[in-house]
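Spelled out, the chains give:
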Amino acid sequence: MTHTPAASTTEAVAPVVSGMVRLIAPRKLPEVTAEHHLIGDLGFHSLVLAELGYNLEDLYGLRSLTPEEAMRLERVGDVVDFVVSEVAAGRAALPTDDEVELLLARYDIDGTTA
């Protein structure tokens, strides 16, 4: 199977974003999928949404979202799609494995669990 750059970027971003969501979600589920709603399914509230945003900004070098943009990110897949689009447009960059591990170390989590 041939991977396009967008597919490769999605494959790199999806597990990191899903792992971060699973890690900080107030409602712990055994698996987080692209279809899970941040607020409804995973119990996110404003402070946890802000934590997710700050972590992803740090990790990917993302710009701050406007409130209108943030309101459109309802599902885990929406967050993945946003990060992928920012990377593809050159407004963000994929983190190194070390950068992911450093972020996870803030939570006392081994980088292999994400």
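Everything below is about the structure shown above.
About the cut-offs
Residues numbered from 1 in each chain as written. Predicted model: local features only at pLDDT ≥ 70, side-chain atom pairs only at ≥ 80, totals over all residues. Heavy atoms only, no water. Helix = DSSP H or I, 4+ residues; strand = E, 2+ residues; numbered from the N terminus. Buried < 20%, exposed > 50% of the residue type's maximum accessible area, 1.4 Å probe, protein only. Contact = heavy atoms within 4.5 Å. Areas by Shrake-Rupley, 256 points an atom, 1.4 Å probe, with all protein chains shown as cover. Salt bridge = Lys/Arg side-chain N within 4 Å of Asp/Glu carboxyl O.

*Asks:* Kindly report on the overall build of the protein chain, identifying the contributing residues and their values.
*Replies:* Per the secondary structure count, the protein chain includes five helices and zero strands. Buried residues in the protein chain amount to 35% of all 114 residues. Considering only residue pairs separated by 6 or more positions, the protein chain has 57% of its internal contacts joining residues 24 or more positions apart. Of the roughly 6800 Å² of accessible surface on the protein chain, 57% is carried by carbon and sulfur atoms.

*Asks:* Describe the pattern of salt bridges, and please don't skip the residues or the numbers.
*Replies:* This structure, assessed with the given rule, holds six salt bridges. Notably, a salt bridge pairs R63 with E69, separated by 2.8 Å at the nearest N-O pair. A salt bridge links E86 to R63, with the nearest nitrogen and oxygen atoms 3.3 Å apart. Residue E86 is located in helix 4 (residues 76-88), and its partner R63 is located in the loop between helix 2 (46-60) and helix 3 (67-71); the two are separated by 23 residues in the primary sequence. Relative accessible area serves as the criterion here: at 2%, E86 is assigned to the buried category. A residue is classified by how much of its surface remains accessible, and R63, at 32% relative accessible area, is partly exposed. Through salt bridges that share partners, R63, E69, E86 and R91 make up one connected network.

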